[in-house]
Amino acid sequence: MLAWLGADVIKIERPGVGDATRKELQFNPDLPSYYFLQLNSDKKSLTLDAKTPDGKAILTKLIKECDMFVENLHPGAMDKLGFGWEAVHALNPRCIYGTIKGFPLSSKYKDLKAYEPIAQVTAAAASTTGWFEGEYDIPTQSGAALGDSNTGMHLLIGLLAALQQRNNTGEGCYVYQSMHNACLNLCRIKTRDQLTLDKIGYLTQFPQYPDGQFGDCVPRAGNIEGGGVLGWTYKCKPAGGYDTEKNDNNFVYIILQRGEKDFEAACKAMGFEDWLTNPDFNTADARDRHKQAIYERIGQWTADKTKFEVTDILGAAGVPVGPVLSTKEIMTDESLYDGNTLVRINQGGEIGEFVTVGCPFTMSNYQPTYGPAPSLGGNTEEVLTSLGYTAEQQAEFAKNGTTKPLADGQM
Ligand SMILES: CC(C)(COP(=O)(O)OP(=O)(O)OC[C@H]1O[C@@H](n2cnc3c(N)ncnc32)[C@H](O)[C@@H]1OP(=O)(O)O)[C@@H](O)C(=O)NCCC(=O)NCCS
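About the cut-offs
Residues numbered from 1 in each chain as written. Predicted model: local features only at pLDDT ≥ 70, side-chain atom pairs only at ≥ 80, totals over all residues. Heavy atoms only, no water. Disulfide = S-S within 2.5 Å. Buried < 20%, exposed > 50% of the residue type's maximum accessible area, 1.4 Å probe, protein only. Phe/Tyr/Trp six-rings, centres within 6.5 Å; stacked < 30°, edge-to-face > 60°. Helix = DSSP H or I, 4+ residues; strand = E, 2+ residues; numbered from the N terminus. Lys NZ or Arg CZ within 6 Å of the ring centre and 35° of its normal. Pairing = 2+ DSSP bridges. Axes fitted to C-alpha atoms, helices over the stretch in contact; angles between N-to-C directions. Contact = heavy atoms within 4.5 Å. Salt bridge = Lys/Arg side-chain N within 4 Å of Asp/Glu carboxyl O. Expected span 1.5 Å × (residues − 1). Right-handed = clockwise from strand over helix to strand, strands pointing away. Arc of directions from axis to C-beta.

Take the state of the cysteines next. For the coordinates displayed, the defined rule picks out zero disulfides. For Cys236, which is in no disulfide, the shortest distance to another cysteine sulfur is to Cys267 and amounts to 18 Å. Using a relative accessible area of 3% as the deciding quantity, one classes Cys236 as buried.

As structure tokens, this is what we get:
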């Protein structure tokens, strides 16, 4: 994101090793993975072993010149390398220091290493996601990267705020972002539900209401909307193309709003005018109590229509509705290649073009450009030269293991 917003982003990678994702989930053992390509567009790569004396000197020089220094190594690693916040702040008081770790410093888990699912399971995302009965009533992860990409986005907010603060004070600050905090921030509504549950013992929007049992904590919610409006997924007939029975995404999401006029519009669009005078359905509270009957009848109505037909009919009536779309359906939708939503990046060479998700917002006076991801150490010479190192010095760094792996047998 910083690179797309115009920053010169230098990724520091270990010589000969590089970012682990270069070699994770590869489609060809000789090429970087889409995982790496998608997440490193427009960055530069500097190979540097920050454990060698020359590596430390180069990193020191770089820190003295940069606006921001961002790291996500395991807890304790940066202090061990000698580049923790205090050290960096002393080297360059203007430098903003961003850190990602698994947990907040107050947490008993602060020293744990963390990956995506660890963030989701420890932040109440997984315990509140998934099915609420039967064989699959188990804590479930979201397909969205709530622990990974979401943490990066949260850190970005802190970094940009720190930049604005520095414009006023001239001094950089330390922005600490845990995956736990980022994930929990998106589970705020689940903490709202916990407060309500603690007070009254039930949650009207949940499938467990009114006949099921509630325990002490917010249960898994299936596909409820989550707020006060009544939402659910309904099975449709396959539309063809990529919407087949086999792909199993032939569903639509429909919301019945609480307002009388909105409910009336939905009833008329589906031919359920009898609900308007039936006391089991004609108030929002009554609908919460009879949601199973609502799900059943709407499900019968959607069953002989495609998700796109349902979206057209209800959308035209002003009912909040949307088809359940697969990755394939989204990535083959040419209308989304609008310059930002989905973008095609030309990586060149054997890889050619690949698709990624672009900058998720647009600005009236700025358009990001989307460039390739760097090869391992692809910008080492450029960066070292800009720092004032001569060709001889660079040759020495390559030989002594600072910017290239040591040859076999060397220590
Ligand atoms: C992701 C994570 C679990 C990986 O842990 P890891 O396998 O120990 O790998 P790391 O990259 O953190 O560190 C490995 C070592 O490489 C070293 N290293 C990394 N880059 C280096 C460099 N350019 N030069 C010298 N050493 C380097 C580290 O200092 C560390 O050395 P140490 O073990 O002697 O302390 C851990 O970094 C972590 O919890 N990070 C914070 C949360 C996070 O970002 N998770 C990832 C979400 S996808």
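A complete count under the given rule lists 18 aromatic pairs for this structure. For the pair Trp85 and Tyr97, a centre-to-centre distance of 6.3 Å together with 80° between the ring planes defines the contact as edge-to-face. Of this pair, Trp85 sits in helix H4 (residues 85-91) while Tyr97 sits in strand E4 (residues 96-101); the two residues are twelve residues apart in sequence, bridging distant segments of the chain. Residue class for Trp85 comes out buried when judged on its relative accessible area of 19%. You can call Tyr97 buried: its relative accessible area is 1%. Pairing Phe263 with Trp275 gives two aromatic rings, centres 6.3 Å apart and planes at 10°, and the pair type is stacked. Highlighted residues: Phe263 in helix H9 (residues 260-270) and Trp275 in the loop between H9 and helix H10 (284-289), separated in sequence by twelve residues. Each member of the pair, Phe263 together with Trp275, is buried. Here the aromatic cluster, defined as three or more aromatic residues joined through ring pairs, consists of Phe69, Trp85, Tyr97, Tyr174 and Tyr176. The residue whose ring lies beneath Arg287 is Phe263, and the NZ or CZ to ring-centre distance is 3.6 Å. The ring of Phe272 has Arg297 lying over it, and the distance from NZ or CZ to the ring centre is 4.0 Å.

Attention shifts here to the sheet that holds strand E7 (residues 251-256). The strand order E6-E7-E8 describes an open sheet built from three strands, whose pairing is antiparallel. Two strands lie at the open edges of the sheet, namely strand E6 (230-235) and strand E8 (321-323), each paired on one side alone. The average angle at which neighbouring strand axes cross in this sheet is 15°, direction not considered. Helix-sheet contacts for helix H12 (residues 307-316) involve E7 and E8, and the interaxial angle to E8 is about 160°.

Now for the pattern of salt bridges. A side chain of one charge can pair with a side chain of the opposite charge when the charged atoms of the two come close. Taken as a whole and judged by the stated rule, the model has 19 salt bridges. Across the salt bridge formed by Glu329 and Lys307, the nearest N and O atoms sit 3.1 Å from each other. Of this pair, Glu329 sits in helix H13 (residues 327-331) while Lys307 sits in helix H12, placing them 22 residues apart in sequence. Taken individually, Glu329 and Lys307 each receive the classification buried, so the pair is uniform in this respect. When salt bridges that share partners are traced, they join Asp8, Lys44 and Glu382 into one network.

Moving on to helix H11 (residues 291-303). Spanning 13 residues, H11 covers 18 Å between terminal C-alpha atoms, matching the ideal 18 Å at 1.5 Å per step. Close packing links the buried residues of H11 with E6, E7, H9, H10 and H12.

Judged by which residues are buried, strand E1 (residues 10-13) turns out to be one-sided: Lys11 and Glu13 face inward and are buried, whereas Ile10 and Ile12, on the alternate face, are not. Pairing analysis gives four bridges linking E1 to strand E2 (residues 44-47), with the strands arranged parallel. By the bridge assignment for E2, Ile12 is matched with Leu46. You can see the chain leave E1, run along helix H1 (residues 34-39) and come back into E2, and the turn it takes is right-handed.

With an omega of 5°, the peptide bond running from Tyr209 to Pro210 counts as cis. Considering the arrangement of structural elements, one finds Pro210 in the loop between helix H8 (188-200) and E6. Phi at Asp248 takes a positive value of approximately 60°, unusual for a residue other than glycine. The topology assignment puts Asp248 in the loop between E6 and E7.

Along an α-helix, a turn takes 3.6 residues, which lines up residues three or four apart on a common side. Its 13 residues place the ends of H8 19 Å apart at the C-alpha level, agreeing with the 18 Å of an ideal helix rising 1.5 Å per residue. All buried positions along H8 are accounted for by Lys190, Asp193 and Leu197. In an axial view of H8, the angular spread of the buried residues amounts to 50°, which keeps them on one side of the axis. Exposed side of H8, more than 90 degrees from the buried face: Arg188, Leu195, Asp198 and Lys199 are the residues found there. Residue Gly201 follows H8 closely and has a positive phi angle near 85°.

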